[in-house]
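# Overview (structure and organization)
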Amino acid sequence: MPEFTDLLFFVFAGLTLLFGFLCVANPLSRNPVTSAMFLVLTIISMAGLFVLLHAFFLAAVQILVYAGAVMVVFLFVIMLLDLKEEARRKLNRVALTAGVLAVSGLAAILVRAVTAARPAALALKAGPLAEGDTAPLGRILFQSYLLPFEILSILLLVAMVGVILLSKKDLR
Amino acid sequence: MNVTLNHYLVVSVLLFCLGLFGVLARRNVLVIYMSLELMLNAANLALVAFSRFNNNLNGQVMVFFIITVAAAEVAVGLSLIVALYRKRQTAHVEDLTSLKL
């Protein structure tokens, strides 16, 4: 008998894949804003999958950082660049067919590789379950991963300075 | 039927392939960039699934780092796109061929 969480997995996985498809290959609209909106929906459904995997903090971060901050930046740039002419362009049929073939081949290989794994390796490991709450995650982040964490803050600073430099008007 | 690691990995693979298809098929730089984000998210999903099924939080910390780096990367990439648009007045990859021989 399937559990309720298993049902939820199929709901969220289906929604993630559906919205992801609509994000990259929406048959009705080729407007970048539509893609951005479907990407937001994809990310939110993926946060649902994170919750099912007991990664509660990451689900919250996913929604706050991706669906919030990153997508707002995307929408800002879409607003700044006037992209109306994009919809009128013709699709390149040959490239599209080649893309579909290549990607479905890759998908077939990867899915085959995943399903060929030994079943014993796939079961939930025994022992006390590691929950992705803030407390255990924070403990591991500030004990084992303190140096990468500090490097990351420098990376963010560098990115910030770089972005300011790049968006100056007279870029030399 | 129980949901196993396999199910999550298959979803992750399919999502990655969708992102790859977007990169190959779409011609708008911004949409290509969004497809790249989708591929990054697919990798994140695989990492979180591994972390859960191996009962180990290291994978989640890795995803935390990936999300942070991705945020920085998005900011830099988008400012590059804006700078490019200022110079060339286009966000279409087929118009950006000045490096072509």
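How each quantity is defined
Residues numbered from 1 in each chain as written. Chains lettered and ligands numbered in written order. Predicted model: local features only at pLDDT ≥ 70, side-chain atom pairs only at ≥ 80, totals over all residues. Heavy atoms only, no water. Helix = DSSP H or I, 4+ residues; strand = E, 2+ residues; numbered from the N terminus. Expected span 1.5 Å × (residues − 1). Buried < 20%, exposed > 50% of the residue type's maximum accessible area, 1.4 Å probe, protein only. Polar contact = N/O pair within 3.5 Å; in protein donor to acceptor, adjacent residues only side chain to side chain. Salt bridge = Lys/Arg side-chain N within 4 Å of Asp/Glu carboxyl O. Domains from an automatic or database assignment. Buried area = accessible area lost by both parts, 1.4 Å probe. Nonpolar A, V, L, I, M, F, W, Y, C, P; charged D, E, K, R; others polar. Contact = heavy atoms within 4.5 Å. Phe/Tyr/Trp six-rings, centres within 6.5 Å; stacked < 30°, edge-to-face > 60°. Axes fitted to C-alpha atoms, helices over the stretch in contact; angles between N-to-C directions. Parallel < 35°, antiparallel > 145°, perpendicular 65-115°, else oblique. Disulfide = S-S within 2.5 Å.

Another aspect to go through is helix 2 (residues 32–52) of chain A. Residue and element names in this part refer to chain A. If you check helix 2, its first and last C-alpha atoms are 30 Å apart, about what 21 residues at 1.5 Å a residue would give, namely 30 Å. In terms of burial, helix 2 is largely enclosed, as 15 of its 21 residues are buried. Measuring from the backbone nitrogen of Val33 back to the side-chain oxygen at the start of helix 2 gives 3.2 Å, which picks out Asn31 as the cap. Once helix 2 ends, the next one or two residues include His54, with phi positive near 60°.

Moving on to the pattern of salt bridges. All names here are of chain B. Across all of its chains, the model carries 1 salt bridge over all chains by this definition. Note that Arg27 is salt-bridged to Glu94, the shortest N-O span being 3.1 Å. Pair noted here: Arg27 is in the loop between helix 1 (5–25) and helix 2 (29–53) and Glu94 is in the segment after helix 3 (58–88), with a separation of 67 residues, a long-range link. Judged by its relative accessible area of 24%, Arg27 falls in the partly exposed class.

This part takes up the domain arrangement of chain A. Reports of interface size often rely on the accessible area that becomes lost once the parts have come together. Residues and elements named next belong to chain A. Here chain A is described as being made up of domain 1 (4–132) and domain 2 (133–172). Each partner contributes to the roughly 370 Å² buried at the junction of domain 1 and domain 2, and carbon and sulfur atoms together form 70% of this total. Three residues stand out in domain 1 for area buried against domain 2, namely Phe57, Glu131 and Gly132, and they jointly supply 81% of the buried area on that side. Put simply, domain 1 and domain 2 have 0 residue pairs in polar contact (both at pLDDT 80 or more) between them. Considering only residue class, the side of domain 1 that touches domain 2 consists of 2 nonpolar, 1 polar and 1 charged.

A word on the interface of chain A and chain B. Listed as interface residues are 82 residues of chain A and, on the opposing side, 70 residues of chain B. Contact with chain B buries surface across chain A, with Val24, Leu53 and Phe74 of chain A losing the most and accounting together for 10% of the total. Where chain A meets chain B, there are 0 salt bridges. For the pair chain A and chain B, the interface holds 7 residue pairs in polar contact (both at pLDDT 80 or more). Elements supplying a minimum of two residues to the side of chain A that touches chain B: helix 1 (4–24), helix 2, helix 3 (56–80), helix 4 (93–115), helix 5 (134–143) and helix 6 (146–166) of chain A. Take the side of chain A that touches chain B: its biggest share by element is 11 residues, from helix 3 of chain A. Per-class residue counts for the side of chain A that touches chain B are 60 nonpolar, 12 polar and 10 charged.

This part covers the packing of aromatic side chains. Taken as a whole, this structure holds 9 aromatic pairs over all chains when the rule is applied. Ring plane angle 55° and centroid distance 5.8 Å describe the contact between Phe74 of chain A and Tyr33 of chain B, whose orientation is recorded as tilted. With Phe74 of chain A in helix 3 and Tyr33 of chain B in helix 2, the pair connects residues from two separate chains. Between Tyr8 of chain B and Phe53 of chain B, the ring centres sit 6.0 Å apart and the planes meet at 55°, which makes this aromatic pair tilted. With a gap of 45 residues between them, Tyr8 of chain B in helix 1 and Phe53 of chain B in helix 2 connect regions that are remote in the sequence. Classification of Tyr8 of chain B by relative accessible area gives buried; the value is 4%.

Another point: the packing of helix 3 of chain A against helix 3 of chain B. Between helix 3 of chain A and helix 3 of chain B, whose axes approach to 10 Å, the crossing angle comes to 5°. The angle between the axes of helix 3 of chain A and helix 3 of chain B places the two elements in the roughly parallel class. Touching Phe57, Leu58, Val61, Gln62, Val65, Tyr66, Val70, Val73, Phe74 and Val77 of chain A of helix 3 of chain A are Gln60, Val63, Phe64, Ile67, Ala70, Ala71, Val74, Leu78 and Val82 of chain B, all from helix 3 of chain B. Class assignment for the residues of the contact of helix 3 of chain A with helix 3 of chain B results in 17 nonpolar, 2 polar and no charged.

What follows concerns the state of the cysteines. The tally for this structure, following the rule as stated, stands at 0 disulfides over all chains. Cys23 of chain A carries a free sulfur, and the closest cysteine sulfur to it, the one in Cys17 of chain B, is 15 Å from it. Overall, Cys23 of chain A belongs to the buried group, its relative accessible area being 1%.

A word on unusual backbone geometry. Residue and element names in this part refer to chain B. At Asn55, a residue that is not glycine, the phi angle is positive and equals roughly 60°. Note that Asn55 resides in the loop between helix 2 and helix 3. What makes Asn55 buried here is its relative accessible area of 16%. Even without being a glycine, Gln89 presents a positive backbone phi close to 60°. Gln89 gets classed as exposed once you look at its relative accessible area, which sits at 51%.

To continue, consider the environment of Leu15 of chain A. Its place among the elements puts Leu15 of chain A in helix 1. For the pair Leu15 of chain A and Ile43 of chain A, spaced 28 residues apart in the sequence, the C-alpha separation amounts to 10 Å.

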